[in-house]
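If you want the building blocks of each chain, they are given just below.
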Amino acid sequence: MFTLPPLPWAENALAPVISANTISFHYGKHHKTYVDNLNNLAKGTDYEGATLEKIISETAGKADKAGLFNNAAQVWNHTFYWHSMKPSGGGKPTGKLATMIDAAFGSYDNFKKELSSTSVSQFGSGWGWLVVEGGTLKVVKTPNAEVPFTRGQKPLLTIDVWEHAYYLDQQNKRAAYVDAVIEKLLDWDFAARNLG
Ligand code: MN
């Protein structure tokens, strides 16, 4: 059985950027529904009891396994997204990540612009990501439930740009939501742990 992992902070901890109301629906309804759907789809199959990573890797790109892929990946993505943010986060990272950002993007400000524009320009639902590939940091976007690690990219941070992530608080203003997440919420300690 897959279970809904606990949030790393209280539902109101990310306000005013992300309200308790948004978290309540996004975590309590959307994320939970992906968990419930995954349990129903995996029941009685070889994937009952498998790890999320195994299900995602083995079902990616397979049309007859799209339901399993979408729900497993959305469970994984949302847990990763909650941990990508913390109250009083954001700003510039330090140490190895700061050096790697300067090497890959020229400056923190350039990185911030690229993460923002890439996330904002995802057409329709999806995700903006900071990943590492071949020892270099990259900013990428994925549509719907897709994850970078099926393409050999290791995720460090993500921003959910599905409308359910911001519509209750910012309505159509995706850029305002994305920029506020980057400036006030990103958890660079989580990114550093993922970088290893
Ligand atoms: Mn979402």
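Throughout, residues of each chain are indexed from 1 in the direction in which the sequence is written. For this predicted model, a pLDDT threshold of at least 70 governs which residues receive local features, and a threshold of 80 or more governs which side-chain atom pairs are given and counted, while totals over whole chains, interfaces and linings are taken from all residues. By convention in this description, side-chain values take in all heavy atoms of the structure and omit both hydrogens and water.

1. A word on the overall build of the protein
- Here a helix means four or more residues in a row that DSSP labels H or I, a strand means two or more in a row labelled E, and each is numbered from the N terminus. Counting its regular elements, the protein contains 8 helices and 3 strands.
- Secondary structure elements in the protein, listed N-terminal to C-terminal, are α-α-α-α-α-β-β-β-α-α-α.
- For a compact globule of 196 residues, the expected C-alpha radius of gyration is about 16 Å, and the protein comes in at 16 Å, within 12% of that figure.
- Taken along the three principal axes of its C-alpha coordinates, the protein extends 50 × 40 × 30 Å.
- Each residue is assigned to one of three classes by its accessible area relative to the maximum for its type, calculated with a 1.4 Å probe on protein chains only: buried under 20%, partly exposed between the two thresholds, exposed over 50%. In the protein, which comprises 196 residues, the proportion classed as buried is 48%.
- Residues are treated as being in contact if the distance between any of their heavy atoms lies within 4.5 Å. Considering only residue pairs separated by 6 or more positions, the protein has 67% of its internal contacts joining residues 24 or more positions apart.
- Counting every atom, the protein has about 9100 Å² of accessible surface; 53% of that belongs to carbon and sulfur.
- On the protein, the mean spot of the 19 positive side-chain charges and the mean spot of the 19 negative ones are 2 Å from each other. Every radius of gyration here is taken over C-alpha atoms, with the globule rule written as 2.2 Å times N^0.38, N being the number of residues. Computed with a 1.4 Å probe, the accessible areas rest on the Shrake-Rupley method; for each residue, only the protein chains presented here act as cover. Under this rule, positive means Lys or Arg and negative means Asp or Glu; His and the chain ends count for nothing. Every charge is mapped onto a representative atom, which is NZ of Lys, CZ of Arg, CG of Asp or CD of Glu.

2. Considering the sheet that holds strand E1 (residues 126–133)
- A pair of strands is treated as paired once DSSP finds two or more bridges between them. Strand order across the open sheet formed by 3 strands is E2-E1-E3, with antiparallel pairing between neighbours. Taken across any chain shown, the strands that pair with only one partner, and hence form the sheet edges, are strand E2 (136–143) and strand E3 (154–160). Strand after strand, the sheet turns through a mean of 25 degrees between neighbouring axes, direction not considered.
- For E1 and E3, the ladder comprises 6 bridges, and the chain directions are antiparallel. Following the sheet pairing, tryptophan 127 is matched in E3 by aspartate 160.
- Packed on one face of the sheet, helix H4 (residues 95–105) meets E1, E2 and E3 and runs near 75 degrees to E2. Every axis in this analysis is a line fitted to C-alpha atoms, fitted for helices over the stretch in contact. Angles between the N-to-C directions lie between 0 and 180 degrees.

3. So, the environment of leucine 195
- Within the secondary structure, leucine 195 sits in helix H8 (residues 188–195).
- We classify leucine 195 as buried; its relative accessible area is 14%.
- Each C-alpha atom, one on leucine 195 and one on alanine 72, is 23 Å from the other, the two residues being 123 residues apart in sequence.

None of the figures reported here should be taken as evidence of function without further support.
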